[in-house]
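Residues per chain, in single letters:
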Amino acid sequence: MSDEKARIGLVGLAVMGANLALNIAEKGFGIAVYNRTAARVDTFMQQAGPLAEAITPCTRPEDLVAAIQPPRAIILMVKAGAPVDETIAALLPHLSPGDMLIDAGNADFNDTRRRAAALREKGFAYLGMGVSGGEDGARHGPSIMVGGPAGNYEMIRDVVEAIAARYRGDPCAAHLGPDGAGHFVKTVHNGIEYADMQLIAEAYGLLRANQTAARLSEVFANWNAGPLNSYLIEITAKVLSVTDPQSGQPMLDVIVDAAGQKGTGRWTVIEALKLGQSPSTIEAAVAARSWSADRGARDTGQGLFGAPPAGAGPLEADLESALLAARIIAYGQGFALLSAASEQFDWSLDLARVAEIWRAGCIIRSGLLDDIATAFRGTIPHDELAFAPAFAEWLQRTVPALRRVVAHAVQEGQPVPAMSAALSWFDTMRRARGTANLIQAQRDFFGAHGFARLDAPGTAHHGDWPA
Ligand code: 6PG
């Protein structure tokens, strides 16, 4: 334990908080830690080993505040929602003007904006800091997405950059914009994470009937050595290789097929809809998780309609290309949402920088992100990733395989909601003239809502519809 005042404080010593605190201590910064359950502080100090030298354990909020050099910076790593407000309320009476709180949890960016405004009135700064990378990332280098006053970020930038993952030496951490920008970007990161995981699960579903888990592990490992290279493909290969010691079966075969979700994927969809966006691959992934959780209904459904027999399965090479096409579209939908939010909230988000800080440390890190960053450093028509020359070329090459895979799955009765959402998006965006003329005519028919004509200005034309 250090006698000097700590450079930074941290509240919340559950898995993520404890690992982040150890990471900070390891990088040579004195840190004061506090947890509501005092016993956890003791176990954490034992877990810290030699790093305990740099750590000041505290069992009361006032002790934590007193242990930090002013102006103070205190990281909150508590469960999103009410616990954040409770923690702020517990610290507030002990803070001095100029101190700052940094919420490093998966907060709803609306809450972050509200908290930032309330604390600003009281003379305190508030940063919303998205941290991705799970347990290991928090300990050894996460990707860090910061929102809040830029000047306040400068005060802790050295700490943040020191603990962040690095991509070829570049820290995967950045101040992205004011108030909720960091948490919004983290939410969309998770939305993309949902889409990517669902796409991978669909590929697994298409192959599993005809392949052993061990063989599939090799398929994913091979894909990981190609353009699909990414953390999520890598861990999928590893997951598929594990045998359950109890039953001797592949571990995956004994896991209940009902996905959990804490909310960030759903928030991505909710915020997207509010912004007039529709990231359909993310929507499909959230829906698929919800459907998966309804096991009773699926049992009844299978009893009623029967599950289709396993078919031949698509070609592996097709599936690799299909996954790549759908992944590009999913990332593109996420970035389009970031672009819409940036405009709405006046954040001036640097999309290239977002892609850069996702290249290492975070859950969606993948080989593609460097190409995405390069694309956004150039000019992209309509900020639509799929229209960037490099990605348009990739899609020209890979969409035919996506089409074959989706057609095959549909024919065989295999659900591929995210892949087919990606394909429908592509097929919609490649047509200058679609079918919404009919929607407009219907709206005008029953509600006199008016429509625009191709051959005349104005938007309030009406049809001479039969009664
Ligand atoms: C990350 C992860 C992390 C966490 C999510 C998962 O970036 O490190 O996204 O934030 O795993 O909370 O959320 P679900 O429980 O909703 O899948």
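What you are looking at is a predicted structure, and each value in this text was computed from that prediction instead of being measured.

About the cut-offs
Residues numbered from 1 in each chain as written. Predicted model: local features only at pLDDT ≥ 70, side-chain atom pairs only at ≥ 80, totals over all residues. Heavy atoms only, no water. Domains from an automatic or database assignment. Helix = DSSP H or I, 4+ residues; strand = E, 2+ residues; numbered from the N terminus. Salt bridge = Lys/Arg side-chain N within 4 Å of Asp/Glu carboxyl O. Buried < 20%, exposed > 50% of the residue type's maximum accessible area, 1.4 Å probe, protein only. Axes fitted to C-alpha atoms, helices over the stretch in contact; angles between N-to-C directions. Parallel < 35°, antiparallel > 145°, perpendicular 65-115°, else oblique. Left-handed = near helix turned anticlockwise from the far one by under 90°. Contact = heavy atoms within 4.5 Å. Nonpolar A, V, L, I, M, F, W, Y, C, P; charged D, E, K, R; others polar. Polar contact = N/O pair within 3.5 Å; in protein donor to acceptor, adjacent residues only side chain to side chain. Near = heavy atom within 4 Å. Areas by Shrake-Rupley, 256 points an atom, 1.4 Å probe, with all protein chains shown as cover. Pairing = 2+ DSSP bridges. Core = buried A, V, L, I, M, F, W, Y, C linked by side-chain atoms within 4.5 Å. Expected span 1.5 Å × (residues − 1).

**Student:** Would you explain the domain arrangement of the protein chain in this entry?
**Tutor:** A common way to state how big an interface is: give the accessible area lost once the parts meet. Each assigned domain of the protein chain is listed here: domain 1 (8–179), domain 2 (187–429) and domain 3 (435–467). Just the C-alpha atoms count here: the centres of domain 2 and domain 3 sit 37 Å apart.

**Student:** Would you mind going over the environment of glutamate 271 with me for this structure?
**Tutor:** Mapped onto the elements, glutamate 271 comes out in helix α11 (residues 264–274). With 162 residues separating them in the primary sequence, glutamate 271 and phenylalanine 109 have C-alpha atoms 9.7 Å apart.

**Student:** Is there a simple way to think about the pattern of salt bridges in this case?
**Tutor:** Any two side chains of opposite charge can pair, on the condition that their charged atoms come close. Summed over all chains, the structure comprises 31 salt bridges. Between glutamate 271 and lysine 274 there is a salt bridge, with the nearest N and O atoms lying 3.3 Å from each other. You can see glutamate 271 and its partner lysine 274 sitting in helix α11, 3 residues apart, about one turn around the helix. A salt bridge links arginine 430 to aspartate 427; the nearest nitrogen and oxygen atoms lie 3.8 Å apart. Arginine 430 sits in the exposed class, given a relative accessible area of 56%. Taking the relative accessible area as the measure of exposure, aspartate 427 reaches 22% and is therefore partly exposed.

**Student:** Explanation requested: the packing of helix α12 (residues 280–293) against helix α18 (residues 417–429) in the structure shown.
**Tutor:** When two helices pack together, their arrangement is given by the angle between the helix axes and the distance between those axes. Where α12 contacts α18, the axes come no closer than 8 Å and their chain directions differ by 160°. By the angle between their axes, α12 is roughly antiparallel relative to α18. α18 is crossed by α12, and the crossing has right-handed handedness. Contact with α12, carried on its side by Ser280, Thr281, Ala284, Ala288 and Trp291, involves Pro417, Ala418, Ala421, Ala422 and Trp425 of α18 and no other residues of that element. Residues of the contact of α12 with α18, tallied by class, amount to 8 nonpolar, 2 polar and no charged.

**Student:** What's the story with the environment of aspartate 179 in this structure? I'm lost.
**Tutor:** Mapped onto the fold, aspartate 179 is located in the loop between β10 (173–177) and α8 (181–208). The exposure class assigned to aspartate 179 is buried, which follows from its relative accessible area of 17%. Taking the C-alpha atoms as reference points, aspartate 179 and leucine 76, 103 residues apart in sequence, are found 16 Å from one another. With sequence-adjacent residues up to four places away left out, aspartate 179 is seen in contact with Thr112, Arg113, Ala116, Gly128, Gly147, Gly148 and Trp347. One polar contact links aspartate 179 to arginine 113, side chain to side chain, over a distance of 3.0 Å.

**Student:** What should I look at first to understand the site of the ligand in this one?
**Tutor:** Taken together, 14 residues form the shell around the ligand, and within it Asn106, Ser132, Glu193, Tyr194 and Lys262 come nearest. At 3.1 Å, a side-chain N or O of asparagine 190 approaches an oxygen atom of the ligand. Arginine 289 places a polar side-chain atom, nitrogen or oxygen, 2.8 Å from an oxygen atom of the ligand. Computed on the free molecule, the ligand has an accessible area of 410 Å², of which 80% lies beneath the protein chains in the complex.

**Student:** Just checking my understanding: could you explain the sheet that holds strand β4 (residues 73–76) for this structure?
**Tutor:** Pairing between sheet strands relies on hydrogen bonds along the backbone, with the strands arranged either parallel or antiparallel. With respect to topology, 8 strands assemble into an open sheet ordered β3-β2-β1-β4-β5-β6-β7-β10, the strand pairing being mixed. Single-partner strands in this sheet number two, and they are β3 (55–58) and β10. Taken over all neighbouring pairs, the strand axes of this sheet differ in orientation by 25° on average, direction set aside. Alignment of strand β2 (residues 31–34) against β3, held across 4 bridges, turns out to be parallel.

**Student:** What am I meant to see in the nonpolar core here?
**Tutor:** Across soluble globular proteins, nonpolar side chains have a tendency to be buried as a group. Judged by nonpolar contacts, the single largest core of 89 residues is most densely connected at Trp223, Phe335, Leu338, Trp358, Ile372 and Met419. Among the elements that line this core, the one with the most residues is helix α14 (residues 316–345), at 15 residues. Here this core gathers at least three residues from each of two domains, domain 1 (8–179) and domain 2 (187–429). Discounting chain neighbours no more than four positions away, the residues touching phenylalanine 335 are Leu351, Val354, Ala355, Trp358, Ile372 and Phe376.

**Student:** Is there a simple way to explain α14 in this structure?
**Tutor:** Given 3.6 residues per helical turn, the α-helix brings residues three or four places apart onto the same face. The terminal C-alpha atoms of α14, which comprises 30 residues, lie 43 Å apart, in line with the 44 Å expected from a rise of 1.5 Å per residue. Looking one or two residues beyond α14, the residue adopting positive phi is aspartate 346, at roughly 60°.

**Student:** Which parts of the structure should I look at to understand α18?
**Tutor:** When the terminal C-alpha atoms of α18 are compared, their 18 Å separation across 13 residues agrees well with the 18 Å that a helix rising 1.5 Å per residue should span. Within α18 the residues assigned to the buried category are Pro417, Ala418, Met419, Ala421, Ala422, Leu423, Trp425 and Phe426. Looking at the buried positions of α18, the neighbouring elements they touch are α8, α12, α14 and α17 (389–412).

**Student:** Explain the packing of α8 against helix α10 (residues 231–240) to me, please; I cannot follow it from the model alone.
**Tutor:** Contact geometry for α8 and α10: axes closest at 11 Å, N-to-C directions at 45°. When the axes of α8 and α10 are compared, the pair comes out oblique. When the axes of α8 and α10 are compared, the crossing they make is right-handed. Residues Glu193, Asp196, Met197, Ile200 and Tyr204 of α8 lie in contact with α10, whose contacting residues are Leu232, Ile233, Thr236 and Leu240. By residue class, the composition of the contact of α8 with α10 is 6 nonpolar, 1 polar and 2 charged.

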